[in-house]
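# Descriptive structure summary
Okay, here's what each chain looks like letter by letter:
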Amino acid sequence: MNIELKEIVFLCVAIMTILPCFIVAFSRNILHSAFALFFTFLGTAGLYFFLDADFLAVVQVIIYIGGVLVLLLFAILLTRNIEDIKTTNSLSIKHSVLAGIVSLIIIGGLLYSYISNRWVFPLRENPDYPYFTIKELGDLLLTKYLLPFEVVSILLLAVLIGSLVIANRSVR
Amino acid sequence: MDIININSYMIISLMLFLFGLFTTITRRNIIGIILGIELILNSAALNFAAFSKFSASNLEGQLFSIFIIVIAAAEAAIALALMLSIFMRHGDINADKLDRLRG
């Protein structure tokens, strides 16, 4: 039983991904939840690096951390006073018992289906997996997945205009 | 030991999904609910990328992950605009108090 250095780093990255989820789920202060989400996103980017998905990891860091998380922090800071931020993220006891039961049922069902079906996944990576993913992703985006690419660009344009319209109407 | 396999990725993604579901159900603040939804989308993208690496022969799973990330960013932008609008109108973003449509 010998553990390589790569696997130790993988374990640390996985723990860095999972552990802040406790803070996201149970913290009373919503700023702490948002900053814990930063570590989760960073750990997910590290897991993408372990999957040899270099472009995806960089996209994760740029869009999730640089875009989504900053937007959420702006939302927190724009909608709440700083003084009462310690009590802004209250859990409801009834809902948390219900959510715990639902989560346990779902994890039990998934584990039961996983054990009882005996799925055989290939544990090793494919030998013909491309080493640099950016060129292959660009080829796929501009040939086979050109229509979803254009649809997503139209969606982004609609989001840009729509968010401006909604936020502007509220200010007026 | 060979722990970097698809089972580890599925366990990590399952944990992320369950914490996201718990956060989405239990929070009263709308921003907390959005945080839970981001966790769920993140776990889905991670699962797509893991299956693309371990049991497919091409990169289409990573492409789906990129689409998921783009849609999550769009959702966060719209959510920020909606939350600002709700806060300007009601002065509160507690999800339990937004019951004007209740009959």
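Residues numbered from 1 in each chain as written. Chains lettered and ligands numbered in written order. Predicted model: local features only at pLDDT ≥ 70, side-chain atom pairs only at ≥ 80, totals over all residues.

## Topic: the overall build of chain A
To keep it simple, the criterion reads: Where helices and strands are cited, they refer to DSSP runs of H or I of at least four residues and of E of at least two residues respectively, numbered from the N terminus. Contacts here follow a simple rule: the backbone-placed C-beta atoms of the two residues must lie within 7 Å.
Helix and strand content of chain A: six helices and zero strands. Sequence-ordered secondary structure for chain A, helices as α and strands as β, is α-α-α-α-α-α. Counting only contacts in chain A whose residues sit at least 6 apart along the sequence, the fraction spanning at least 24 positions is 56%.

## Some words on the interface of chain A and chain B
Put simply, the rule reads: Residues are sorted three ways: Asp, Glu, Lys and Arg are charged, Ala, Val, Leu, Ile, Met, Phe, Trp, Tyr, Cys and Pro are nonpolar, and all the rest, Gly among them, are polar.
Facing the 78 residues of chain A at the interface are 60 residues of chain B. Elements represented by at least two residues in the side of chain A that touches chain B include exactly helix H1 (5-26), helix H2 (30-50), helix H3 (54-79), helix H4 (93-117), helix H5 (133-142) and helix H6 (146-171) of chain A. At 14 residues, the largest contribution of residues to the side of chain A that touches chain B is made by H3(A). Of the residues assigned to the side of chain A that touches chain B, the class counts are 52 nonpolar, 20 polar and six charged.

## What to know about the environment of Thr133(A)
As a reminder of what qualifies: Any residue with 12 or fewer other C-beta atoms within 10 Å of its own C-beta is exposed, any with 20 or more is buried, and the rest are partly exposed; the C-beta atoms used are placed from the backbone.
On the secondary structure map, Thr133(A) appears in helix H5. Overall, Thr133(A) belongs to the buried group, with 22 C-beta atoms counted inside 10 Å. In this structure, the C-alpha to C-alpha distance between Thr133(A) and Lys94(A), residues 39 residues apart in sequence, is 47 Å. Each residue touching Thr133(A), except ones within four places of it in the same chain, is listed here: Asp52(A), Ala53(A), Asp54(A), Phe55(A), Leu59(B) and Gln62(B).

## Let's talk about the packing of H2(A) against H3(A)
Residues and elements named next belong to chain A. Worth spelling out the cut-off: Here an axis means a line fitted to C-alpha atoms, over the contact stretch when the element is a helix, while the angle between two N-to-C directions is reported on a 0 to 180 degree scale. Every angle not falling under 35 degrees, over 145, or within 65 to 115 is termed oblique; those three ranges are roughly parallel, roughly antiparallel and roughly perpendicular.
At a closest axis distance of 8 Å, the pairing of H2 and H3 adopts a crossing angle of 175 degrees. In terms of their interaxial angle, H2 and H3 are classed as roughly antiparallel. Here Ile30, Leu31, Ala34, Leu37, Phe38, Phe41, Leu42, Thr44, Ala45, Tyr48 and Phe49 of H2 lie close against H3, whose contacting residues are Asp54, Leu56, Ala57, Gln60, Val61, Tyr64, Ile65, Leu69, Leu72, Leu73 and Ile76. By residue class, the composition of the contact of H2 with H3 is 19 nonpolar, two polar and one charged.

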